[in-house]
Amino acid sequence: MGFDNYNEVFSYLGEKENALLQRLKGKVSPDISKLKYDNAEQITTQPTTFNNRYDAPNIVQSSSRYDNFNNNEVTPSSVSESSSSSSFLTTKPKILNNRYDNSETTMSDSFSSNKARYDNTSNSTQDFSSGESNLYSYKGSDQSKSIYGICNTRDNQDDPYSIYGDKTTNGDDNNNEEPKKPYFIHDISENDLLVLESLVRYNKELESPKTENTSDTSSGPRLVIQSGYLEDSIKPNPYSSYSHPKFLTNEINASNNSAVNGSIGGKRDNIALYYWSSEFERLLEMDDCLEKFERLSSLEHDFVYAAESYGRIIISENFLADELKTIKPVNVGGVAGGEKYIVQGILFKFALESETFGLYGNDENAMKTAAHELNGCASFLNCGVKGLHVPLMAFIDYRGFRLMAMSLLPISKKSLIYGSCDAGQTVHTSNNIFNNLFSNATKVINLKPHFVEDIRGDIKSISGPIDIEGHLGSDNHFYLLDFARLSPPEPPKHRGAYLYKLLRLELVRKHQKPLCSDAFSPMLTIDIHKHNVEVQEAYDDLLNNIIPKFSKDIQQRDRIGLQSNFLRDILLNISEKITDVSKLLHAEGINIRYIGEVASHCSSLGFKRFFIIEAIFRTLKSLARELLRREMKKIHLPSDYPYRSLLLKFLNLLFDEYKDKTEYVWSKIILEKMEKKFQNIFNNRNTFKEEPELNEESLSKLPVTPQEIIKSLLTNLQTRKMILNKFCKSIGLVISRIAITQFSNSNSFVFVDTDIEEIKTLSTRLNVIDHADGMSLYYKSMAAGLNNTSKHRLLTISRERLEQSLLSMNNNFQIVIQLSKVLTLLAKTSNDATIKRNYYELAEKQLSQFDSIGVVQSQVLLLKIHRVRNQLSHFKAGGVLQPKDNEVIENIINEIIEISPDKVYPSYLLAKFFDRLSQITSNFDYSKVINAYSNIIKIDSNYQKAHIGISLFLLKTQDKHKYFSKEKVSEHIAKAFSISKNIESIVDKIIPLIDFSPWIFFEISRTVPKLRLMVKNSLEGKYSIGTNKFSIPPNIQLEVEDLDFFENISLEKVYFDGHTNGNNIEVFSKIKPDTQSFILRKLKLDDVGKLKSLSLLSNITHLNFGNTQNGFSEWLLADLITPKLRKLKLFEIAEITDLTVKLIATTCKDLEVLDLGGCKSIFGEEFGELFKGCPSIVKLALPPFVDSSHVTDSISKLKLIKLDLYKCSKVTISSFSKLLDSSKTLRKIRSPTGIPYFYVQPQTLSSRHEKINSNEPALRYTVDGIELFNIKIGGALQGDRTYELFLNNRNPLVKFRDPPNSSFTFFKAMHAVNIKNHIIQLNIHKVFGNNWTSVESSHQIAINSSVANFKFESQGVPYSFVFDNSGFNSTFSSEVSISNSKVAVVSNKKTNGSYVEIEIKSKTTLLPIFYAIASSGLRK
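Here is a short report on the structure shown in this document.

## With respect to unusual backbone geometry
(1) Moving on: For Ala423, which is not glycine, the phi torsion reads 60° and is therefore positive.
(2) Moving on: We classify Ala423 as buried; its relative accessible area is 2%.
(3) Moving on: The backbone of Asn1380 shows a phi angle near 65°, a positive value even though the residue is not glycine.
(4) Moving on: Relative to the helices and strands, Asn1380 resides in the loop between strand S36 (1373-1378) and strand S37 (1381-1387).
(5) Moving on: The exposure class assigned to Asn1380 is exposed, which follows from its relative accessible area of 74%.

## Considerations on the pattern of salt bridges
(1) Moving on: A full pass over the atoms with the stated rule returns 51 salt bridges.
(2) Moving on: Of the charged contacts, one joins Lys448 and Glu534 as a salt bridge, the two residues approaching to 2.7 Å between their closest N and O atoms. Separated by 86 residues along the polypeptide, Lys448 in the loop between helix H10 (432-445) and strand S10 (450-453) and Glu534 in helix H12 (residues 528-556) bring together distant segments of the chain. Both residues of the pair, Lys448 and Glu534, count as buried.
(3) Moving on: Asp518 is the partner of Arg485 in a salt bridge, and the nearest nitrogen-oxygen pair spans 2.6 Å. Separated by 33 residues along the polypeptide, Arg485 in the loop between strand S13 (478-481) and helix H11 (505-510) and Asp518 in the loop between H11 and H12 bring together distant segments of the chain.

## Overview of the pairing of strand S28 (residues 1259-1263)
(1) Moving on: The buried count for S28 comes to 4 of 5 residues, which makes it a mostly enclosed element.
(2) Moving on: Bridging between S28 and strand S29 (residues 1266-1275) involves 5 bridges; their strand directions are antiparallel. Among the inter-strand pairings, Arg1260 is bridged to a residue of S29, identified as Asn1270.
(3) Moving on: Hairpin geometry of S28 and S29 is characterised by an intervening segment of 2 residues between the two adjacent antiparallel strands and by a positive phi of about 55° at Asp1264.

## Structural notes on the nonpolar core
(1) Moving on: Grouped together as the largest cluster of nonpolar side chains are 182 residues, with contacts concentrated most on Phe348, Phe380, Phe611 and Phe650.
(2) Moving on: The leading source of residues in this core is helix H16 (residues 605-635), at 15 residues.
(3) Moving on: Counting residues in each nonpolar core, the second largest holds 170 residues, with Leu1220, Ile1271, Phe1352 and Phe1410 among its members.

## Quick look at the packing of H16 against helix H20 (residues 717-731)
(1) Moving on: Interhelical geometry of H16 versus H20 gives an angle of 45° and a closest axis separation of 9 Å. Judged by the angle between their axes, H16 and H20 are oblique. Between H16 and H20 the crossing geometry is right-handed. Counted together, Ile613, Glu614, Ile616, Phe617, Leu620, Lys621 and Ala624 of H16 and Thr719, Met722, Ile723, Lys726, Phe727, Ser730 and Ile731 of H20 form the full contact between these two elements.
(2) Moving on: In terms of residue class, the contact of H16 with H20 is made up of 9 nonpolar, 2 polar and 3 charged.

## Points about the environment of Leu1085
(1) Moving on: Mapped onto the elements of the fold, Leu1085 is located in the loop between strand S19 (1077-1079) and strand S20 (1102-1104).
(2) Moving on: Accessibility expressed as a relative area gives 4% for Leu1085, which makes it buried.

## A few points about the packing of aromatic side chains
Any two aromatic rings considered together are summarised by their centre-to-centre distance and by the angle between their planes.
(1) Moving on: Under the definition given, this model contains 47 aromatic pairs.
(2) Moving on: With a centroid separation of 6.2 Å and 35° between ring planes, the pair formed by Phe1030 and Phe1068 is classed as tilted. Of this pair, Phe1030 sits in strand S17 (residues 1030-1031) while Phe1068 sits in helix H35 (residues 1062-1071), placing them 38 residues apart in sequence.
(3) Moving on: Judged by relative accessible area, which is 2%, Phe1030 ranks as buried.
(4) Moving on: With 5.6 Å between their ring centres and 75° between their planes, Phe1056 and Phe1068 make a pair best called edge-to-face. Pair noted here: Phe1056 is in the loop between strand S18 (1053-1055) and H35 and Phe1068 is in helix H35, with a separation of 12 residues, a long-range link.
(5) Moving on: A residue is classified by how much of its surface remains accessible, and Phe1056, at 0% relative accessible area, is buried.

Rules used in this analysis
Residues numbered from 1 in each chain as written. Predicted model: local features only at pLDDT ≥ 70, side-chain atom pairs only at ≥ 80, totals over all residues. Heavy atoms only, no water. Buried < 20%, exposed > 50% of the residue type's maximum accessible area, 1.4 Å probe, protein only. Helix = DSSP H or I, 4+ residues; strand = E, 2+ residues; numbered from the N terminus. Salt bridge = Lys/Arg side-chain N within 4 Å of Asp/Glu carboxyl O. Pairing = 2+ DSSP bridges. Core = buried A, V, L, I, M, F, W, Y, C linked by side-chain atoms within 4.5 Å. Axes fitted to C-alpha atoms, helices over the stretch in contact; angles between N-to-C directions. Parallel < 35°, antiparallel > 145°, perpendicular 65-115°, else oblique. Left-handed = near helix turned anticlockwise from the far one by under 90°. Contact = heavy atoms within 4.5 Å. Nonpolar A, V, L, I, M, F, W, Y, C, P; charged D, E, K, R; others polar. Phe/Tyr/Trp six-rings, centres within 6.5 Å; stacked < 30°, edge-to-face > 60°.

In short, the description is geometric, and any link to function would need to be established separately.
Pasting the structure below:
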């Protein structure tokens, strides 16, 4: 959508303010008025005709900017307040060269010039009283009437806030009602201003009053004033050498300056009008990233720089003739603020009172509306509702003027879809999408939707102020404008106060009820009384509760201000802690104008003085602004020198020795203005004194009256400096350091020209910069390669910027969340535990405070989620909370689950909470964690985080509960990776899982470089040290390109257990051709021919094909059995026959290990050749069908160390039980039933008692540092005792292939029962499967005395015992002999029953030792 000219683009910008002025002036159609207000009379019989509804009535442009009345129209002249007579202007008024020429022309009250406002001349229209009771003065109004007269509604007697004036006394409907006159309100009289101005400008002396010639009854010195402004013949300030260059204001031929080439305004057609707004929108809509926030910061920096640069020029040249201005004004309509300017796509508008209509009362109030406009804009920007756009905005303060700067938007008056541009006469709510977005935004701000009625009688619902504007721009984006009345006003005490005396939006947001923006306003709102009552309640709460509480809390915070016995030190302490009072007050919803109320509730003298100083410098700022505006009006010069000179004189007047005129100014002018501006500033509502006794002076000598307090602050060097610094900063005045230093050491100081370095331009912006800078620093801290120190520094600065932005954007919950993230990261990058805890607590405090005032459920939900995440991070960092705090977090999570439409993520938070809690809580119920994760998977089986979470939990706690299994972990990991499409994003979270099982991630890592490197490193770390066996899982599909995974691993042995794909073996033989050992057990190959690839490996020394199936045949072994083989295991392969035994015998002469166990097709026909051809065999496992002769031959012909006879059922007990004795080299042998037999060398073994419960062994014995066996002793029926011998599979003496009970470390090897009846009977049980119920042998033991001898035979071996139980405490000793040779003594006598010692006399098996203990009847 394009526009042909600027008038069309910008004409709507000033229309709304004109419409409001027309309503206040009574320019409304009489028919409409009569229709809506039964008790109101017609204003005029003929409605005034306008070119459009926004035009001022019949204004003819004159050479004077403010001579905006018809030259042919006769209007009443203004009447001097000192005279009761009236006069009329001529029909042709005098044409003024400029609006501030000192002419004697008088105007009507409606069109009075600035001279009436600033000059003390005869045509002044204000009535200023010298008495204190006259707090407010009104220009052009009848003060005998109600001050609310202009705001009366339907019935003036019932509601004093009508937009129409009092009814005329004439009952004739045809008589026009006289429009209400503008009003002006000041907290300082014009006479005081003139006195102050004369003291500053001309350095006049004070004279004693002459009572006979003056009506002034006040005592004390006064200034003699001869006229409004003294003549130029007055001597200039002796401390200033500056003189006014009058030539700058002389008229210059307009033709020579009408089109200056290269001027700022000369190239307007080439400017991208909407660049600022379009770029602002584009950046805001970007996803959060470093680029977004860097460019946002840069954009607002550029905008503010441009606004300051052009704004400074506009303000400096404000009073020059248009043809002399560098930047020319444009006509966009509207009268408030005077002329408008457009430069580089930025609209500039003065925030000034209209001399014509008097909306606000004075310029200071008009400036406040500019601040409200900016605050309202920021509120919508920060509410977090996407789709609503606002302009970039700032205001510039310079030389006492405030200039609004706003980026232009692609809108026109035809694009209005919400609100009103004519003061509520027409109300738009035509776009439902915009209506919903705006309603959501106002919910965040806590504004109340309310019904309004337009002039046609249509009732519509509006959520904010009726005069806010929502537009659908030419780019199809929604835009908002006119935010000044977003917040409800406090109950107004005079007309127009509803425009600028507003409640803080922070207060509105925190209030328990939503409030109506149009309360106490003259807008056409239904149920206005109800809305007023609610706002009144908020206002009362502010005064009666919030302010007193703030006063109390501020004194207790960090105990600042109470750390010294000297008042000056207390003030310095407070000033150091509180650097910005306004932001502190605003955060609590307290307006600056209530500083007096805050001070009155302070019990601390130090804080009272502190707030008085705040009130002082703000009063000085107001006066300085007024003086600067007056000075600009008088001299019209853009140069800085006259204004620096003015401020120089003002400073000398303020900080001279406290007497004469300085004392007069402070005690009469400044003090009175301060008391009116900050009411109750010197009152004391709280008399309780918390401070320690002050040592510098007794309480009786402390200043009490306001005059004494002011004097004490000005005569104290520290407080003088404090006031000076604050004042200079508030108006942008820069004083040299030397002057400040000298000023700090003197009670009377004279400033000179060189002391003032410059008058700075002050700007206030949306504060996107601090937020953007904070966010960009946050993202920079996330950069790879930064150490914790660098990260911590970036995060610290980020925190400062975010906290700064939060002060001015405190309804932005996203900043709160981001600040909590930064605090959490600061905790993670800190090494000190206390500092960590403090950061986490600060993050929790930020989130919990904002959570309590959240009004939109989605925001409340998000804040609660971040509260939980913060606590989980605290847990992870080792933080410990109290049980009650844990309950709070659990309750919050349950609340999140309840209100969240998506139950998965809140349930995941609950699982993580239980997970973290299980790590720091003893005796925690681990099933709660398992159930929480399982519940997530039930809701959504594809929720990846749940699978990863439960895997990590099972890994970390596998030794603490029964829920762990490798299969479960692998299953969940595999599922997690089958779900993820973005593996890179979760790599860092699964490092423990990668270290646990890198093979799970092996195949998927091929396409993810970061994961590939992590898997490779994990494989190298896991297998390079040789402690773990290199086993390739059956589900892995190897590729030749996988070489780099194994290039740094030196492999001697590789396991391919259970593989079905022969291609893996073939590929690996190519990847690692130097591998010497291949363990290929339980193969079920789809193509056994792939095993031939192993024949190409020349270094193979170890092959293990145990339990291989699927057509494994002997012909494959023909190429694999080579002379280099040292180990060959072919157990449980049915296809192996004696032909293979013969091949081995003829080929592998150096074979050391041969396992033929379970090979049912081998009958021992070639064993003779085997024992002869392979004499180096030291470990042998024989097939099932061998007999005792084969066993005997193996022992006699080979130097065996280990012999395995498992499942050799033809070998008798008597034949293998003596084998250990028949061989000098044999160390262990496994019986056909699977029980190992071995010799224990002579030594003394002491039992260890580590019994925890009834299932724990009574005796434990360790050999060579590894537990060898333990014995459990238990009760049986009728007082019998059971004895069980358990062997440790991990001990080299016990270890055999496929041990019984392989799932556990220990397995049962012997079972005996000691039965006590008349005689002792020892039953030795044998194993049948896993059952030990059958008795192998039973032996009677006769013990007739304390020392007894008995014998029995077991497994063909005769045992004799000497048993002695003559000691105390069930002590005993038992000597065991075999064939009359003592082999061991088992006894607990030496330790008095504490533990059992076994003294082995000669090498023996464990059988005699076990029998000795079992026969003794030893109790558990």
